[in-house]
Structures are given as C-alpha cells and as structure tokens.
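Here is how the chains run, residue by residue.
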2 protein chains.
Amino acid sequence: MPTLYIDLMSQPSRACYILCKKHGLPVDVQMIRLDKGEHKKPAYLQINPLGKVPFLVDGDLRLPESAAIMAYLCDKYSLPDNWHPGSSSSSGQAAAHQQQQEQQRRAVYESAVHWQHLNIRAGCMRLVFHTVIGPRVFKVPAVPQVAADGLKVLQQALKDMESYWLGGGSRPFLTGQQVSTPDLLCVCDLEQLRMMVAEPSQPQLEQLLAPHPIVRQWMAAVRAAVGPALYDEAHGKLAAAVARLAAAAAAKPAARL
Amino acid sequence: MPTLYIDLMSQPSRACYILCKKHGLPVDVQMIRLDKGEHKKPAYLQINPLGKVPFLVDGDLRLPESAAIMAYLCDKYSLPDNWHPGSSSSSGQAAAHQQQQEQQRRAVYESAVHWQHLNIRAGCMRLVFHTVIGPRVFKVPAVPQVAADGLKVLQQALKDMESYWLGGGSRPFLTGQQVSTPDLLCVCDLEQLRMMVAEPSQPQLEQLLAPHPIVRQWMAAVRAAVGPALYDEAHGKLAAAVARLAAAAAAKPAARL
C-alpha cells in the first residue's frame, strides 16, 4: 500500500488527501507537522530528502510534487478519466478522430495543471506566506515586497481564471464540464487565503473574489463535486487555525485601548 | 499544421522551439516580439487572450503552457518515449509488471516537469526579471527584495537538482538516463541568467553554478543531447543580447571616470 505524507495545513497536501478519500484509495496517510519542523528533521529527510509535503512512497517509487502524485494515483487505481485524462488506458482500436479528441482533452488538462503553479499557487503562496505564515508559523520575517508581488500575480491569475479557464462562466470547471485535479489544487490554494484574517489591513479572500463571481461559483462547484462533508473535513484543521487567528486579530485592538 | 507562437528571448519558448526543430516537426513557428509588446496587442490577444508566449494553435485547440505544448507535440507526433513518457500509446497487452514500470517512469517524469515551475523557473525568472529584464526591457522598476527571494529559491533549487534530481551525479538527466522535456525547460531557464552580465554586482551564472559541478555537467549533457548546433541557434538571440549587455556594462565604469 502506498504511503502519503502530508500536513492538512499544506494546500497541495489537501488536494492529494481529497483525491484519496473521495475514491477510498488504499493509501496509508501519515501526518507530518510542518509547524513543528518535522519535515526538516532527519527521520523525514531520510524518506524525502527534499523536506517537503506531500510526498508519496510506493515500493521503490519515491514521488514528490502534488500534481505528479495525483496523476500517479489516478493511473495506478484507474480513477474516472475526468480527474486526470489519459490515466485509464485507452483501447488501441480507437478511431483516429476519437484519438485526436482524447489528445486534445489531455492537452487542455495539461495546460491547466501546469498553469496553476506560477499563477494561482505562486500568487497565493507568496501573499499568505509573507504576511501570515512566515512570521507566525515559521518565525521568519515577512517581506512585504514579496507579498505585494504575490498579490499582483494572484489578481491577474483570478482574472485569467474567470475569463480564460472558466470561459467567462461557460465551463463549470477549469478543464471543462467535469472536475479534475487542477481544480483541487487551485481551490486548496485559494482556501489558504482565509488565513489572511490575521492581518485585517491586508486583502482578504472575500475582497479578492468580489470582482470574480464566476470564480466564487466555481469554488462552490468544486466543493459540491468533492462532496461538502469531505471538503470541509479536509479543510477542518485550516478552519480551526483561521478561527484562532481571527480571535487573536479581534482581541488585538481591544488590548491597545 | 499547428502554429507555435514564440519569442526566442523567452525561456519556455526556446524549450518548445528546440523540441520542434530537433524532430523536424511540421509546425509553423511565428515570432512575437515581447520587447515590442506584441504579446499585449489586440492582434495577438485575439489569438491568445492570456497575452503570453509560447502558445500553440492546432485547429480548434488553443494551448498555453510550454510543458503542455511539448507534451501535446510529443503525443501528436509520437516522438520517442524519453521526451515525454506515455506519449507513445503502449500496447494494452503489456504484462502487469511492465505496466507498473511504465507507470513509475511516467510518475518520475511528471514529478520533474512539475517541480521545475516553482523551483528552477520561479527562481531564475524572478532573479533576472527584477534585476535586468524588468527595468531594461519592459521599463518597469526592479524590486530588489523580489530578486533576492528569487535568488534564494534558485540556490535551493540548484542544490536539489544536484543532489536529488541528478542523484549526486548518478543520473545524467533529470528523469534518468535519457533527456526529457523538463531538462529542456530547466536548461533554458538557467541560460537566461547570462543576462545578469548587465549587473556585475549581482550573482552571475558561473558563480551560481560554481558549487554545483554536477549541474554544470548536466547542462553540457543537455546541449549534447539536443545537438550543439541547434542548441546554440536557439540561444543565438539571447547570446546577442547578452553580448550587448556585457559591452554596455563594461563601458559604464569608464564613462564615469
């Protein structure tokens, strides 16, 4: 049975976790506490020398990168084709026209899963790390200029998501009519922005989504496709942290009186 | 025939160009001048609303993202399997063991092609943009803190490339014994750092590679695998720009005397 190392506070970890639980995959999920630095301790570095989560071990295979982990699991367990097109082995007898259609569908999927890295993910990650997570969780100083650059990237990515990837509302999901792994990756990154409650002077998720009703609608569609109970369970640890950060932020001005 | 829109000054454009030329693919290559802002003009935005290169048009298919473009071309033209494993349709009669081996090889490939985005690419791109390209080409101010963050990401990525991806020298290429598309993407990003000659006080490519002889060896191996003539041709426009930047940097202190 493969072992998946994750922390549910990590965005791409949650995407992998949701895929596993949604399909009841026989995967042993091991929690690694990022806030305790477990990912940088010798015991874990022996498993994954890159010192990151998520990470998958399956026999001799040692696999970093959430998108690759999800593609492999889709492949190994022959999950429904919408999650990662091309993972189910297609019949060699497919007509040329059908083969071409499948190639094009795979291509659109690949473009979305690659696009998210330097757009939604890079934007969200730098904004939330250099305002909240860096200083509060890892005790490293925030660099406001990097947060500002992340915000700029994110704002453009949200525009592109709305108009290009979701076709101005003509497609419910990033790659078409059905949910796929890039939807999971992007939604988990956007959810992380709820941690911005710790810095009320910084842009909040609701503000960032305000000009993009189609993105908001898509987030709801992804939650519904995953199943709200599983979606909320996967985000439970984050929700608890957000509640604590909100309480601390609310107490702060009062303390100053 | 597909049309590929690129600028050879763009790192991922060069990776796509090299793949096409290496295999003599019937692809119509159209040059878009980024320095003239052609990628943001209405004529191009009608083709690619995202306003970026590379971009591929093949009939109804409109495809952004270099990694997806290369995967699609490997698939469409059944290129040798090492460039993008899984692109050649494998026989449905493969034994279970062989199928598992192919799954694992694809997984390793996927992990490398996803890894490069937020490591080699994000590092190189932010460093060179926020020192040289931003102010000199696009007339936008450099943000030194973003360049410094990019440098940190890049230095860690070079370490990880050397020890993890190249296995401390036990593998000649990122995914094993043969060259693949993530090698092209990474090498084209690292070559871009030659533009740092414009800022002699900033870290230069040779300095960054000095602690990483295995990465340097890998760059030479990728050039050899591509074919030095094609590799140098693809980097010719960049080399000319680097020569101009070097001449201007050399003239600068003299002008101050």
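Keep in mind that this is a model prediction, so the values were computed, not measured. (Residues numbered from 1 in each chain as written. Chains lettered and ligands numbered in written order. Predicted model: local features only at pLDDT ≥ 70, side-chain atom pairs only at ≥ 80, totals over all residues. Heavy atoms only, no water.)

### A short note on the overall build of chain A
Worth spelling out the cut-off: The helix count covers DSSP runs of H or I at least four residues long, the strand count covers runs of E at least two residues long, and both are numbered beginning at the N terminus. Between the two quantities, the radius of gyration covers C-alpha atoms and the globule rule is 2.2 Å times the number of residues to the power 0.38. Burial classes: relative accessible area under 20% of the type maximum marks a residue as buried, over 50% as exposed, and values in between as partly exposed (1.4 Å probe, protein chains only). For this analysis, residues touch if any pair of their heavy atoms sits within 4.5 Å. Surface accessibility in these figures is a Shrake-Rupley result with a 1.4 Å probe; residues are shielded only by whichever protein chains are displayed. The charged-residue count follows a simple rule in which Lys and Arg add positive charge and Asp and Glu add negative charge, with His and chain termini not counted at all. In plain terms, the charge of a residue is placed at NZ if it is Lys, CZ if Arg, CG if Asp and CD if Glu.
Scanning chain A from terminus to terminus reveals 10 helices and four strands. Reading chain A from its N terminus to its C terminus gives the helix and strand order β-α-β-α-β-β-α-α-α-α-α-α-α-α. Against the 2.2 N^0.38 benchmark of 18 Å for 257 residues, chain A shows a C-alpha radius of gyration of 19 Å, consistent with a compact globule. Seen along its three principal axes, the alpha-carbon backbone of chain A occupies a region of about 75 × 45 × 35 Å. The burial tally for chain A puts 54% of its 257 residues in the buried class. Here the contacts in chain A between residues at least 6 apart in sequence split such that 68% fall between residues at least 24 apart. Here chain A displays about 10900 Å² of accessible surface, and carbon together with sulfur accounts for 56% of that area. Treating the 26 positive side-chain charges of chain A as one cloud and the 21 negative ones as another, the clouds have centres 7 Å apart.

### With respect to the UniProt feature "domain: GST C-terminal" (unreviewed entry) in chain A
Operational definition: UniProt positions are given in the numbering used here, feature names are shortened, and annotations may be inferred rather than shown by experiment.
Per the UniProt record, "domain: GST C-terminal" (unreviewed entry) is annotated on residues 102-245 of chain A. For residues 102-245 of chain A, helix accounts for 74% and strand for 0%, while the C-alpha atoms at its two ends are 46 Å apart.

### Quick notes on the pattern of salt bridges
Residue and element names in this part refer to chain A. What counts, and what does not: The term salt bridge refers to a pairing of a side-chain nitrogen on Lys or Arg with a carboxyl oxygen on Asp or Glu at a separation within 4 Å.
In total, this model carries 24 salt bridges over all chains according to the counting rule given. The partner of Glu 206 in a salt bridge is Arg 216, with the nearest N and O atoms 2.6 Å apart. With Glu 206 in helix 7 (residues 205-209) and Arg 216 in helix 8 (residues 213-226), the pair connects residues that are 10 residues apart, well separated along the chain. Overall, Glu 206 belongs to the partly exposed group, its relative accessible area being 41%. Taking relative accessible area as the criterion, Arg 216 reaches 36% and is therefore assigned partly exposed.

### Remarks on the interface of chain A and chain B
We apply this condition: The term buried area denotes the loss of accessible surface (1.4 Å probe radius) that occurs when two parts are joined, taken as the sum for both partners.
Across the contact, 41 residues belong to chain A and 41 residues belong to chain B. With both sides pooled, the region where chain A packs onto chain B buries about 3500 Å², and carbon together with sulfur makes up 62% of that total. Per-residue buried area on chain A facing chain B is highest for His 114, Leu 118 and Tyr 164 of chain A; these three make up 18% of the total on that side. Viewed at the interface, chain B and chain A are joined by two salt bridges. Of the charged contacts in the structure, one is a salt bridge between Asp 75 of chain B and Arg 106 of chain A, with a shortest N-O distance of 2.9 Å.

### Considerations on the relation of the copies chain A and chain B
Test applied: In superposing the copies, a least-squares fit is computed on C-alpha atoms, taking residues whose pLDDT is at least 70 in both.
Structural alignment of chain A on chain B gives an RMSD of 0.0 Å, achieved by rotating through 180 degrees and translating 0.0 Å along the axis. Interpreted geometrically, this transformation is the action of a two-fold axis. Judged by C-alpha distance, Val 146 of chain A is the residue of chain A that lies nearest the rotation axis, at 2.7 Å. Comparing interface residues between copies, 100% of those in chain A also lie at the interface in chain B; the contact surface is shared.

### Some points on the UniProt feature "domain: GST N-terminal" (unreviewed entry) in chain A
The sites that carry the UniProt feature "domain: GST N-terminal" (unreviewed entry) are, in the present numbering, residues 1-81 of chain A. Spanning residues 1-81 of chain A, this segment combines 36% helix with 20% strand, and its end C-alpha atoms are found 22 Å apart.

### Here we look at the domain arrangement of chain A
All names here are of chain A. In plain terms, the rule: An automatic or database domain assignment is the source of the domain bounds shown.
Domain boundaries in chain A define domain 1 (3-76) and domain 2 (103-252). Placing a centre on the C-alpha atoms of domain 1 and another on those of domain 2 gives a separation of 20 Å. Between domain 1 and domain 2, the contact holds 21 residues from the first and 22 residues from the second. Ranking the residues of domain 1 by area buried against domain 2 places Met 9, Gln 11 and Ile 18 at the top, with a combined share of 35%. The tally of links between domain 1 and domain 2 comes to one salt bridge.

### Concerning the sheet that holds strand 2 (residues 28-31) of chain B
Residue and element names in this part refer to chain B. Worth spelling out the cut-off: When DSSP finds at least two bridges between two strands, those strands are taken to pair. Every angle, taken between N-to-C directions, lies between 0 and 180 degrees, and every axis is a line fitted to C-alpha atoms, over only the stretch in contact when it is a helix.
Spatially, four strands are ordered 2-1-3-4 in an open sheet, and the strand pairing comes out mixed. Of all strands in the sheet, those bounded by a partner on one side alone are strand 2 and strand 4 (61-64). Going from strand to strand, the sheet's axes swing by 20 degrees on average, the running direction of each strand aside. Judged from the three bridges that link them, strand 1 (residues 3-6) and strand 3 (residues 55-58) form a sheet pairing that is antiparallel. Paired with Thr 3 across the two strands is Val 57, which belongs to strand 3. Strands in contact with helix 1 (residues 11-22) are strand 1 and strand 2; relative to strand 1, the strand with the most contacts, it is inclined by about 145 degrees. Each of strand 1, strand 3 and strand 4 touches helix 3 (residues 66-76); the most contacted strand, strand 4, lies at about 135 degrees to it.

### Quick word on the side chain of Asp 160 of chain A
When you line up the elements, Asp 160 of chain A lands in helix 5 (residues 144-165). As a buried residue without a salt bridge, Asp 160 of chain A has its nearest oppositely charged side chain in Lys 52 of chain B, at a separation of 5.4 Å. Setting aside residues up to four positions removed in sequence, Asp 160 of chain A forms contacts with Trp 115 and Trp 165 of chain A together with Leu 50 of chain B.

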